[in-house]
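One-letter residues, chain by chain:
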Amino acid sequence: MLITFEGIDGSGKSTQISLLKKYITNSGKDVEVLREPGGTDISELIRGMLLNPEIEIDPVTELLLFSSARSQLIAEKVKPLLAKDVVIILDRFYDSTTAYQGYGRGSLPIDQVHQINRVASHGIAPDITFYLRLSLEESANRTAHMEKDRMEQSGIEFYQNVIKGFDELAEKEVRFMTIDASKTVEEVHKLVLSNLPF
Ligand code: TMP
């Protein structure tokens, strides 16, 4: 079982993921939380490059780096864990690439982004995707005090397009469960639990 969480910065993914992890552990199942980009030695090194504000990266290179980090994570961790029946919770997956690199950066036409996503994920798809939807204003309020990494310095227009990307995916993909992330932590957690496929 592969569960993914998506949403812009400040949407509360980390909080909801740790609450869900606790719930699944208490229900007696093995569960592993992994983050993207990251989760393996190579993928964490790539993450360091991608988020470093000192480094300039061409948009297609950026897309391919996120995809490379993903490919290693899937091969090294996700596939073996799924084979052992472990529930995996992924903090972001290829929908972030579609939203950020496809819609946000406009790096390549969306159908090409989908093709690269399929290659990088080794054909693995999420069983359910929780999209914690937050407005740009609310996100800005919640993250105002935080230092901005390379991605977070991308500007308002970029983030408007990222949200548009997630919203369009949510309309098209039946696995998407959109949750209003401006609700309280407890309300969002309840909505996550009520939509769990087990
Ligand atoms: P995080 O802050 O949620 O850990 O994610 C790292 C940043 O990378 C965040 O700004 C979203 C961005 N990102 C992409 O642009 N494309 C991707 O495919 C992924 C997984 C993340």
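Residues numbered from 1 in each chain as written. Predicted model: local features only at pLDDT ≥ 70, side-chain atom pairs only at ≥ 80, totals over all residues. Heavy atoms only, no water.

J.: Any chance you could explain the pattern of salt bridges here in plain terms?
T.: Pairs can form between side chains of opposite charge whenever their charged atoms are close. Across all of its chains, the model carries 10 salt bridges by this definition. Of the charged contacts, one joins R70 and E36 as a salt bridge, the two residues approaching to 2.8 Å between their closest N and O atoms. Highlighted residues: R70 in helix α3 (residues 59–83) and E36 in the loop between β2 (31–35) and α2 (41–51), separated in sequence by 34 residues. As far as burial versus exposure is concerned, R70 and E36 are alike and both buried. Notably, a salt bridge pairs R175 with D95, separated by 2.9 Å at the nearest N-O pair. Taken together, the positions of R175 in the loop between α7 (156–172) and β5 (176–180) and D95 in helix α4 (residues 94–104) put the pair 80 residues apart, joining distant regions of the chain. The exposure classification of R175 matches that of D95, with both residues buried. In the salt-bridge network here, residues are joined through shared partners; they are E62, R105 and R150. (Salt bridge = Lys/Arg side-chain N within 4 Å of Asp/Glu carboxyl O. Helix = DSSP H or I, 4+ residues; strand = E, 2+ residues; numbered from the N terminus. Buried < 20%, exposed > 50% of the residue type's maximum accessible area, 1.4 Å probe, protein only.)

J.: Explain the side chain of T97 here, please?
T.: Examined against the element boundaries, T97 turns out to sit in helix α4. Of the residues examined, T97 reaches a relative accessible area of 1% and is grouped as buried. Those residues in contact with T97 that sit more than four places away from it in its chain are L63, F66, R70, G102, V113 and N117. (Contact = heavy atoms within 4.5 Å.)

J.: What should I look at first to understand the sheet that holds β5 in this one?
T.: With parallel pairing, the 5 strands of this open sheet are ordered in space as β2-β3-β1-β4-β5. For this open sheet the edge positions go to β2 and β5, each flanked by a neighbour on one side alone. Each adjacent strand pair in this sheet contributes to an overall mean axis angle of 20°, direction not counted. Pairing analysis gives 4 bridges linking strand β1 (residues 2–6) to strand β4 (residues 128–133), with the strands arranged parallel. Within β4, the residue paired with T4 across the bridge is T129. Against the sheet, α3 makes contact with β1, β2 and β3 (87–91), and its axis sits at roughly 165° relative to β2, the strand it touches most. (Pairing = 2+ DSSP bridges. Axes fitted to C-alpha atoms, helices over the stretch in contact; angles between N-to-C directions.)

J.: Honestly, α2 in this entry has me stumped. Any pointers?
T.: For an α-helix, the turn length of 3.6 residues means that residues three or four places apart are oriented alike. Of all the positions in α2, only S43, I46, R47, L50 and L51 are classed as buried. Viewed along the axis of α2, the buried residues span an arc of 120°, placing them on a single side of the element. Exposed and facing more than 90 degrees away from the buried side of α2 are D41 and L45. (Arc of directions from axis to C-beta.)

J.: Before we go on, may I ask you to explain the packing of aromatic side chains in this structure?
T.: To describe a pair of aromatic rings, you give the distance between the ring centres and the angle between the ring planes. For the structure shown, the criterion picks out 8 aromatic pairs. Seen in terms of ring centroids, Y100 and F166 are 6.1 Å apart; in terms of plane orientation they differ by 80°. Their pairing is edge-to-face. Taken as a pair, Y100 in helix α4 and F166 in helix α7 lie far apart in primary sequence, 66 residues in all. For the pair formed by Y100 and F166, the shared burial category is buried. Each ring, one from Y131 and one from F176, has its centre 6.1 Å from the other, and the planes form 65°; the classification is edge-to-face. A residue pair is termed long-range when its members are at least 10 positions apart, and Y131 in strand β4 and F176 in strand β5 qualify at 45 residues. Taking relative accessible area as the criterion, Y131 reaches 2% and is therefore assigned buried. Three or more aromatic residues joined by ring pairs make a cluster, and in this case those are Y100, Y131, F158, Y159, F166 and F176. (Phe/Tyr/Trp six-rings, centres within 6.5 Å; stacked < 30°, edge-to-face > 60°.)

J.: What is the right way to look at unusual backbone geometry in this model?
T.: With glycine set apart, most residues show a phi of negative sign, and most peptide bonds adopt trans. Note the cis peptide between E36 and P37, where omega equals -10°. Among the structural elements, P37 can be located in the loop between β2 and α2. The residue R92 is not glycine, and still its phi comes out positive at about 80°. The backbone of H122 sits at a positive phi, close to 55°, despite the residue not being glycine. When you line up the elements, H122 lands in the loop between α5 (110–120) and β4.

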